[in-house]
Amino acid sequence: MEEENILDLLQRYRRDRHVLLNFILSGSLIKKVVMPPGAVSLDDVDIDQVSIDYVLNCAKKGETLDLSEAIRLYHDSLDYPSMSNTGSIEEFFLATKPESSGPSPTRMPPPVPVTTPLPILTSLSKSQSFQSSHEQELTVDDIEDFEDDEEEVDNFIIARRQPNNASSFLLRLPSFSTGITDDDLRETAYEILVACAGAAGGLIVPSKEKKKEKKSKLMRKLARSKSENVTPQTQHVPGLVGLLETLRAQLEISESLDIRTRKGLLNALAGKVGKRMDNLLVPLELLCCVSRTEFSDKKAYLRWQKRQLNMLEEGLINHPVVGFGELGRKTIELRNLLRKIEESESLPPSAGEIQRTECLRALREIASSLAERPARGDLTGEVCHWADGYPLNVRLYEKMLCSVFDILDEGKLTEEVEEILEFLKSTWRILGITETIHDTCYAWVLFRQFVITGEQEILQFVIEQLRKIPLKEQRGPQERLHLKSLSCSVEGEDFTFFRSFLSPIQKWVDKKLEDYHLHFSEEPAVMAEMVTVAMIIRRILLEESEQVVDVADRDQIDAYISSSVKSGFARIMQAIEAKADKAHEHVLASLAEETKKLLKKDSNIFLPILSKWHQRAAVVSASLLHKLYGNKLRPFVDHAEHLTEDVVSVFPAAESLEQYIISVIGSALGDDDVEEYCRKRLTLYQVEDISGTLVLRWVNSQLERIIGWVKRAIQQEVWDPISPQQRHGSSIVEVYRIIEETVDQFFALKVPMRVGELNSLCRGLDNAFQVYTRHVLEKLVNIEDLVPPVPVLTRYKKETGITAFVKKEVTNVRLTDERKSNEINALSTIKLCVRLNTLYYAITQLNKLEDSIEERWMRKEHENFNIRRSMNGKSRSFVSNKNNAFNGCRKDINAAIDRICELAGTKIIFWDLREPFIENLYKHTVSQSRLDALIDALDVVLNELCDIIVEPLRDRIVTGLLQASLDGLLRVILDGGPSRVFLPNDAKLLEDDLEVLKEFFVSGGDGLPRGTVENLVARIRPIINLLGYETRVLIDDLKDVSQGGKSKFGTDSKTLLRILCHRRDSEASQFLKKQFRIPKSAA
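For the chain, an unreviewed UniProt entry supplies the name Protein unc-13 homolog and the organism Phoenix dactylifera.

Moving on, we get to the overall build of the chain. When its secondary structure is counted, the chain shows 45 helices and four strands. Burial status across the chain gives 49% buried among its 1083 residues. Partitioning the intrachain contacts of the chain with sequence separation of at least 6 by distance along the chain shows that 78% fall at a separation of at least 24. Split by element, the accessible area of the chain, about 52600 Å² in all, is 50% carbon and sulfur.

On to the pattern of salt bridges. Tallied over the entire structure, the rule returns 52 salt bridges. Among the ionic pairs, Arg 248 bridges to Glu 245, the shortest N-O distance being 2.8 Å. Linking Arg 248 with Glu 245, this pair stays in helix α9 (residues 239-250), spanning three residues, or about one helical turn. Note that Glu 850 is salt-bridged to Arg 890, the shortest N-O span being 2.8 Å. With a gap of 40 residues between them, Glu 850 in helix α33 (residues 829-863) and Arg 890 in helix α36 (residues 887-912) connect regions that are remote in the sequence. The same class applies to Glu 850 as to Arg 890, namely buried.

Another point: the pairing of strand β4 (residues 493-496). Taken together, the four bridges between strand β3 (residues 487-490) and β4 define a ladder with antiparallel strand orientation. Bridge pairing in β4 links Cys 488 to Phe 495. Counted along the chain from β3 to the antiparallel partner β4, the turn is two residues long, and its residue Glu 491 has a positive phi close to 55°.

So, on to helix α21 (residues 497-513). Residues spaced three or four apart along an α-helix point in a common direction, a consequence of the helix completing one turn every 3.6 residues. For α21, built from 17 residues, the straight-helix expectation of 24 Å at 1.5 Å per residue is met to within 8% by its first-to-last C-alpha distance of 24 Å. Ser 503 marks where α21 bends most, by close to 35°; the proline Pro 504 follows one to four residues later. Of all 17 residues that make up α21, 13 are buried, and the element is covered over most of its length.

All right, on to the environment of Ala 895 then. Secondary-structure assignment places Ala 895 in helix α36. For the pair formed by Ala 895 and Thr 773, sequence separation is 122 residues and the distance between their alpha carbons is 9.6 Å.

This part takes up the packing of aromatic side chains. Within this structure, the stated rule accounts for 23 aromatic pairs. Where Phe 1071 meets Phe 1076, the ring centres are 6.1 Å apart and the plane angle is 70°; that geometry is what we call edge-to-face. Put simply, the rings of Phe 169, Trp 444, Phe 447, Phe 450 and Trp 508 pair up and form one aromatic cluster. Looking at Lys 600, its charged tip hangs above the ring of Tyr 660, at a distance of 5.6 Å from the centre. The ring of Trp 709 is capped by Arg 712, whose NZ or CZ atom sits 5.2 Å from the centre of that ring.

Assignment of secondary structure puts Pro 791 in the loop between α31 (755-778) and α32 (818-826). When its relative accessible area of 28% is taken as the criterion, Pro 791 is described as partly exposed. Residues Pro 791 and Pro 978, 187 residues apart in the sequence, show an inter-C-alpha distance of 8.2 Å. In this structure, Pro 791 is in contact with Arg 971, Asp 975, Gly 976 and Gly 977, ignoring residues within four places of it in sequence.

On to the confidence of the model for the chain. Overall, the prediction assigns the chain a mean pLDDT of 80, with 81% of residues at 70 or greater. Within the model, the stretch residues 82-93 combines pLDDT values under 50 with nine contacts to residues more than four positions away or in other chains. In the model, residues 113-164 has pLDDT below 50 throughout and makes 79 contacts with residues more than four positions away in sequence or in other chains.

What follows concerns the side chain of Lys 399. Along the polypeptide, Lys 399 turns up in helix α15 (residues 392-401). Reaching out from Lys 399, the side chain makes a polar contact with the side chain of Asp 182 at a distance of 3.5 Å. Not counting chain neighbours up to four residues away, the residues in contact with Lys 399 comprise Asp 182, Leu 185, Arg 186, Ala 189 and Leu 251.

Another aspect to go through is the packing of helix α10 (residues 255-269) against helix α11 (residues 282-289). α11 packs onto α10 with a crossing angle of 95° between their chain directions and a minimal axis gap of 9 Å. What the angle tells us is that α10 and α11 run roughly perpendicular. Contact with α10, carried on its side by Thr 261, Gly 264, Leu 265, Asn 267 and Ala 268, involves Val 282, Glu 285, Leu 286 and Cys 289 of α11 and no other residues of that element. Its residues placed into classes, the contact of α10 with α11 shows five nonpolar, three polar and one charged.

Put simply, Tyr 390 and Pro 391 share a cis peptide bond, and its omega is 10°. Among the structural elements, Pro 391 can be located in the loop between α14 (349-371) and α15. Although it is not a glycine, Trp 719 adopts a positive phi angle of roughly 60°. Within the secondary structure, Trp 719 sits in the loop between α29 (687-715) and α30 (730-748). For Arg 1077, which is not glycine, the phi torsion reads 50° and is therefore positive. On the secondary structure map, Arg 1077 appears in the segment after α45 (1066-1076).

A separate point is the nonpolar core. Ranked by internal contacts, the top residues of the largest apolar core, which has 286 residues, are Phe 447 and Tyr 629. Ignoring any residue separated from it by four or fewer positions in sequence, one finds Tyr 629 in contact with Phe 569, Leu 588, Leu 591, Ala 592, Thr 595, Val 650, Ala 654, Leu 657 and Tyr 685. Counting residues in hydrophobic clusters, the runner-up holds 19 residues, among them Leu 25, Leu 42, Val 50 and Leu 56.

With that out of the way, let us pick up the environment of Ile 341. Within the fold, Ile 341 resides in helix α13 (residues 328-343). Distance from Ile 341 to Gln 355, taken between C-alpha atoms, is 7.2 Å for residues 14 residues apart in sequence. For Ile 341, the residues in contact, after removing those within four places along its chain, are Gln 305, Leu 309, Arg 356, Cys 359, Leu 360 and Leu 363.

Interaxial distance between α11 and helix α12 (residues 298-318) falls to 8 Å at its minimum, and their mutual angle equals 145°. Along this stretch, α11 crosses α12, giving a crossing that reads as left-handed. Here Pro 283, Leu 284, Leu 286 and Leu 287 of α11 come into contact with α12, specifically with Trp 304, Gln 305, Gln 308, Leu 309, Met 311 and Leu 312. Among the residues forming the contact of α11 with α12, the class breakdown is eight nonpolar, two polar and no charged.

Let us now look at the state of the cysteines. Per the stated rule, a full pass over the model turns up zero disulfides. Looking at Cys 289, it has no disulfide partner, and the nearest cysteine sulfur is the one in Cys 288, 6.1 Å off. Given the relative accessible area of 22%, Cys 289 is considered partly exposed.

So, on to the side chain of Asp 183. Within the element layout of this structure, Asp 183 appears in helix α7 (residues 182-199). Excluding its chain neighbours within four sequence positions, the residues that come into contact with Asp 183 are Gln 11, Arg 14 and Arg 15.

The first and last C-alpha atoms of helix α18 (residues 435-453) sit 27 Å apart over 19 residues, in line with the 27 Å expected at 1.5 Å per residue. Of all the 19 residues making up α18, 16 are buried; the element is thus mostly covered by neighbouring parts of the structure. Downstream of α18 by a residue or two, Gly 454 has a phi angle that is positive, lying close to 75°.

Reading the values: rules and limits
- Residues numbered from 1 in each chain as written.
- Predicted model: local features only at pLDDT ≥ 70, side-chain atom pairs only at ≥ 80, totals over all residues.
- Heavy atoms only, no water.
- Helix = DSSP H or I, 4+ residues; strand = E, 2+ residues; numbered from the N terminus.
- Buried < 20%, exposed > 50% of the residue type's maximum accessible area, 1.4 Å probe, protein only.
- Contact = heavy atoms within 4.5 Å.
- Areas by Shrake-Rupley, 256 points an atom, 1.4 Å probe, with all protein chains shown as cover.
- Salt bridge = Lys/Arg side-chain N within 4 Å of Asp/Glu carboxyl O.
- Pairing = 2+ DSSP bridges.
- Expected span 1.5 Å × (residues − 1).
- Bend = angle between axes of the 7 residues up to and from the residue.
- Phe/Tyr/Trp six-rings, centres within 6.5 Å; stacked < 30°, edge-to-face > 60°.
- Lys NZ or Arg CZ within 6 Å of the ring centre and 35° of its normal.
- pLDDT = per-residue confidence, 0-100.
- Polar contact = N/O pair within 3.5 Å; in protein donor to acceptor, adjacent residues only side chain to side chain.
- Axes fitted to C-alpha atoms, helices over the stretch in contact; angles between N-to-C directions.
- Parallel < 35°, antiparallel > 145°, perpendicular 65-115°, else oblique.
- Nonpolar A, V, L, I, M, F, W, Y, C, P; charged D, E, K, R; others polar.
- Core = buried A, V, L, I, M, F, W, Y, C linked by side-chain atoms within 4.5 Å.
- Left-handed = near helix turned anticlockwise from the far one by under 90°.
- Disulfide = S-S within 2.5 Å.

In structure tokens, the structure reads:
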């Protein structure tokens, strides 16, 4: 196969060289041409054996061209490398642009394959320097009147190199045992065309003048400038004569061969009345009618004769259209005759001519009997069956069809394409071609030309031609049998006619479509037509093999997608691994991004094309990419235990890719089916679940760190205000700093997470604030430690009496030790206020923290919208849990503020003002120590509180002081001890004092709200009113209550008892002694 490709390429170089030399020699570039001995015109010279270097030197210098010298130099140059000795030693020519070629290769060139030239290729085997000569021919920009430019040269080089891409694109037909080449087939095909033209009456032998005229027209066409935007309308002879001349040019047939063929066939037909020229056995007639003297040299004649003999052998013996039957023995005779004709050339002229003549006479008899056998229903002698055997016929017809392409622009059809195709129908009778065979062969020829040129317009013609091929049920029974009989074996494999022509196309197209990401990234329109070609051919071939085609298209598209996606994924994987050492992110993160780009490209460019043949093409592509990336991701996910840098890099990229894949699948299936498909057909990465676990581990470790910081900060707190403007402690600032850092780090995590991880963080922060609040209260004293013990109840006496032990209402005296006193004294009002300010700062900043968390979570949810959770309806927002996020610490902080406010008021009244308030107020008599004497002290304390406490907490702590003042007043009235006695008349004084206390806290509207003060004072008024009642009334009421009745004053027995104990009245004293055995006062 490789040898055939090399020979095909050399033949193409040979033809190009032949055309260019013809142009130079036939034009005005050479002033004078001296013919070699025996040659009359250029038609008698073998152009292949002329030295190009010598011709170019003569053209440049304007010297006479001696073709004998040119031929001698050509043969001498075969023993040496190809060189140019013209111009400066620094002058050289390049076939490519230097800037795109890169450095010179460092490795040795590969060895040149050694091929054994066939006998008919003796002159071709000497063309080893064709390539270098070709490069020189393309760069001759200094020859006079030869217009060209760099772009034209580049385009010409590229066009001539294109066949390399199609070198492996060959028909699946066996090679000919005789060694027939493409040039042989091309020349024989033209001879058949001449015979058909002769049968139609369009065959003439042109004169010398007409030859020169036609030649000049061809030269003008070859020399036309690239700058012409419109292809000039070349003038040609109308009718069949002109068409045959066009075919000769298209098939690159020399005029000498053309004239010999025309003369030979006309001579063969002479004397055969009623015989059509297309019924002649063309190779045999040419052998008989063309003389050796019509060739310029013996080598050309031998090559021509060998071709004719090979055609007879292939057409009559190797590939006959009908079996031999009883004529089988004649095939042996025929082979012998062919061999003897060839051997006659080695004999002496006289003996050789006699043997040749005798053999030709015998050959005519045997060959005619074989060729005139009836086939396909024709009559004996009606058709000459020498070129209609398969696969010789289709190989010849293929060469004829190649004439439809413009010889100067191989990507275009010639202007005479319709006329050519119509004329080619006249060859069907000779070649045994049917409409179906024609459509199939023409589709192959068009597609091969597309492979060579890459011209999309040709691909459209291919599709049009393939659609003309009738399906099996559209063919008649006779045609079905005929096509079924056309089969051959290539390398041990059997091929039907359709497989021979269409399977190479299918294989080539499949190869391209199996990696459409690589081949069609820039040409999606070409891909669409390629898919159409593949599907049409697939249907034809599957029908031929009698296979079911119901799901063939979908399965084939699946195969294209699978193969191309895998190849594209492998390429990006390879590229990423190659740059892994220089990359700043993990390989899997880069792979996820590139895979996403691949799927986007697939979705935007390729899948709309494939979806015409497979509605779920997007699902196939997306699912496969999901699986391919998942295979790479799984080991990484299984070993992820902590939020490392790699995890933070890979997980978001993987999650983003999966979400995009699901969105692509959803757009193809619809929202109703995508959930079920993902559940059944996709193995989800579960990145969010694993990431959530890792985030929880991270959150727990951070919360432990926060608790440690909270305890450390509270231990270092001295409860001094930071500044006059910042009247809270420094510990809360430190706590918030570490908490905000943690929150920032949490939201900086780009890994997928759910609201559960956020709630866990918030619960942990809530617990941290609760711990802080407990530590704030931890070193506070109990309120019971501030209040002095309640004195033992005694009754009034006039003189000193004995003190008796009373079972009821006895309270143990508690003495405050020195250590406790120091703790209480250290707990100054300022430090208590700083604690309150700190707790208030904590709760206000908590609101800001909560708002910040909510806003950032909503933004994160918007950025990382999870399609799966949306489908499942499990997406929960932090907003729904906002009110509960920090409820625990809010309650604790508010309760702590209330407790400290109560503690501050109690300390001020019962500890700081114990002597003037608790011990001396109303001592002995009410009139001697009124409450207004304490107002100044209270005012000083109140000012101190208001100076340090923050404004929002002022009313709360002042309310605590008011409550403590009222508690102190009740203590003095009800549990004032033996030093305090009251008369009914004192009630009015006490009422006035209560009013003074009330107005002090109202402070003319600048203090507490009057309603608040009134509500608090209301609980004291009934007790003061009881002091104004007579003793007997109180005693009667106490008796009723003691017996289970209800007090008419709405009070209880303990209050009535305490009022009577502090009543300066003998009746009350006697009653208490008798009823409650309360001892007399020792005061």
